[in-house]
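Residue-level structure breakdown
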Amino acid sequence: MAKRRLSERQKNRIQAAQLEVSDSAEHQHGIVVSHQGGRILVELESGNTIDCKIKSNLGNIVCGDRVAIETTATREHRVLAILARDNLLQRVDGFGQVRAVAANIGQLVVCLAVTPEPNLYLLDQYLLSAEQQHIEACILLNKIDLLNDTNDPFALASIYTPLGYRLLSTSVKTGQGMDEFTALLTDQVSVLSGVSGVGKSSLTKWLLPGTDIKIASISEANEEGRHTTRASRLYHLPAGGDLIDTPGVRGFNPFVDKDRPLAHGFREIVKFAENCRFHNCLHLNEPDCAVVEALAKGKIAESRYLNYVKMQEQAGTG
Ligand SMILES: Nc1nc2c(ncn2[C@@H]2O[C@H](COP(=O)(O)OP(=O)(O)OP(=O)(O)O)[C@@H](O)[C@H]2O)c(=O)[nH]1
Ligand SMILES: [Mg+2]
Ligand SMILES: [Zn+2]
C-alpha cells in the first residue's frame, strides 16, 4: 500500500491546532501600560510588568489595550492578540495618518493652563473628537495660582458649563482644586491630553508622589516646542482608577468620522439644528438656519460657531 501523505491543507490545520494548544497552555492576559519605540510594557493580572515584543500584523497597540501574551521557551514575551476594545481615542497626525492615542478609556480630561494661554480652537477639536468617538470629556484649567486681572483670558465657564462640560480649576503648586480632581478620576480610566507644558505630568505626579515621572524644569518649560513626556503611560491611582499621561501635542487634528456631520461634535449646534429649514443644513449660508439665528441672539458662543466654521473649511466643506 502506498504510504499516505498529508496534504498541505491537512498539515496547516495540524500546525494551527498545535499553535492553539501551545497558546492556550502559555498565554496570559494583561493591560498595555506603555508602548515606546517598539517596546511594549504589559502589566499582567498578577501585577507583574513585563517587556513584550509584538507578533507582526497586529496593528497599532496603545496604552489601555487589553492583550493576550505568550511566553516562549526562551522566556521571551510576545503579544499574540489585542482583545476587543470598548473604544479607541484617535487623532490625525501632521501627515494625515490616523493615530491611536489610547484604548478602553472612560473619560478624556482636556488640560489647559493659565499659561501657556488656552487655545479654544484646539479645545473644540478635542471636544468634537470625543463626541464623535462617544468618549466623555471634561475640561481642566491648571496653574490657577498664576491667574491675575490681566491673564484671565477666557471666560471658559460661561461657554462650556451651559453645554454640560464639567470644568475644573487646579493648581499643582498650591493644591487648589486637587480634591475635586482626585474625585473626578476615582474608579475611571482617564486620559490627560493637552499641549506641552500645561502640567499633565505634574498633575499625575501629585497623585503618585513616589513615582518616577519626568516634569519640565522651569527653564525647560520656557523652551518653545519642548516635549517632556515622550510616550503615553498608564498609572494605577491609589484611590482606584487608572490615569494615562500623554505627551503634549502641538496640534491635535481630530479624527473625523466621515459618516457623521462635523456639527454632531458641537452639542449646541445639534440642539438648534432641529429647527433648520433643511435637514442637511451645514449652518453656513443656508436660508432659515436656526443655528445662525441662535448665534445672532447670543444663544451660541461666537468662538464656538467660528471654530465650527473653521473646521468645516479645513474639512473642505465650508
Ligand atoms: N505655577 C504653576 N506651575 C505649574 C503647575 N503645574 C505644573 N507647573 C509647571 O509647568 C511646567 C510644565 O509641567 P509638566 O508637568 O512637565 O507639563 P506637561 O503638560 O506634562 O508637558 P509635556 O510632557 O511636554 O506634554 C513645569 O515647570 C511645572 O513645574 C501649577 O499648577 N502652577
Ligand atoms: Mg508631561
Ligand atoms: Zn442650519
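For the structure itself, consult the block above.
Residues numbered from 1 in each chain as written. Chains lettered and ligands numbered in written order. Predicted model: local features only at pLDDT ≥ 70, side-chain atom pairs only at ≥ 80, totals over all residues. Heavy atoms only, no water.

Let us look at the nonpolar core. If you look at the biggest cluster of nonpolar residues, it comprises 32 residues, and the most contacted ones within it are Leu-108, Leu-123, Leu-127 and Tyr-160. Going through the elements one at a time, strand E1 (28–36), strand E7 (98–103), strand E8 (107–113), helix H2 (120–132), strand E9 (136–142) and helix H3 (156–160) are the ones with two or more residues in this core. The biggest single contributor to this core is H2, with 6 residues. Taken domain by domain, the makeup of this core includes at least three residues from each of domain 1 (26–82) and domain 2 (88–253). Setting aside its immediate chain neighbours within four residues, Leu-108 contacts Leu-89, Tyr-126, Ala-130, Ile-135, Glu-136, Ala-137, Cys-138, Val-191 and Ser-193. (Core = buried A, V, L, I, M, F, W, Y, C linked by side-chain atoms within 4.5 Å. Buried < 20%, exposed > 50% of the residue type's maximum accessible area, 1.4 Å probe, protein only. Helix = DSSP H or I, 4+ residues; strand = E, 2+ residues; numbered from the N terminus. Domains from an automatic or database assignment. Contact = heavy atoms within 4.5 Å.)

Another point: the coordination of the magnesium ion (ligand 2). Only Ser-201 (OG) and Thr-229 (OG1) from the protein coordinate the magnesium ion (ligand 2), and they sit 1.9 to 2.1 Å from it. In this pair, Ser-201 is assigned in helix H5 (residues 200–207) and Thr-229 in the loop between helix H6 (218–221) and strand E12 (233–236), connecting sequence segments 28 residues apart. Note on Thr-229: relative accessible area 17%, which makes it buried. (Donors = N, O, S within 2.8 Å, 3.2 Å for Na, K, Ca; no water.)

Turning next to the pattern of salt bridges. Tallied over the entire structure, the rule returns 10 salt bridges. With a shortest N-O distance of 3.3 Å, Glu-76 and Lys-53 are connected by a salt bridge. With Glu-76 in the loop between strand E4 (66–71) and strand E5 (77–82) and Lys-53 in strand E3 (residues 49–54), this pair connects stretches of sequence that are 23 residues apart. With relative accessibility at 36%, the residue Glu-76 sits in the partly exposed group. Overall, Lys-53 belongs to the partly exposed group, its relative accessible area being 46%. Arg-304 is paired through a salt bridge with Asp-124; the nearest N and O atoms lie 2.7 Å apart. One end of the pair, Arg-304, is in helix H9 (residues 302–314); the other, Asp-124, is in helix H2, with 180 residues separating them in the sequence. You'll find Arg-304 and Asp-124 in the same group, each marked buried. Overlapping salt bridges, with partners in common, bring together Asp-124, Glu-268 and Arg-304 in one network. (Salt bridge = Lys/Arg side-chain N within 4 Å of Asp/Glu carboxyl O.)

Right, let's get into the pairing of E12. Moving residue by residue along a regular strand, the side chains alternate between the two faces of the sheet. Note that E12 and strand E13 (residues 242–245) share 4 bridges and pair antiparallel. Among the inter-strand pairings, Tyr-235 is bridged to a residue of E13, identified as Leu-243. Remark: 5 residues form the turn of the hairpin made by E12 and E13, two consecutive strands paired antiparallel; Gly-240 in that turn has positive phi of roughly 100°. (Pairing = 2+ DSSP bridges.)

Another point: the site of ligand 1. Taken together, the neighbourhood of ligand 1 is formed by 25 residues, with Asp-145, Val-172, Ser-196, Ser-202 and Thr-229 sitting nearest. Here Gly-197 contributes a backbone N or O atom positioned 3.0 Å from an oxygen atom of ligand 1. Thr-229 has a polar side-chain atom sitting 2.7 Å from an oxygen atom of ligand 1. Look at ligand 1: alone it shows 670 Å² of surface, and the protein chains cover 91% of it. No other element matches the 3 residues that H5 contributes to the shell around ligand 1. (Near = heavy atom within 4 Å. Polar contact = N/O pair within 3.5 Å; in protein donor to acceptor, adjacent residues only side chain to side chain. Areas by Shrake-Rupley, 256 points an atom, 1.4 Å probe, with all protein chains shown as cover.)

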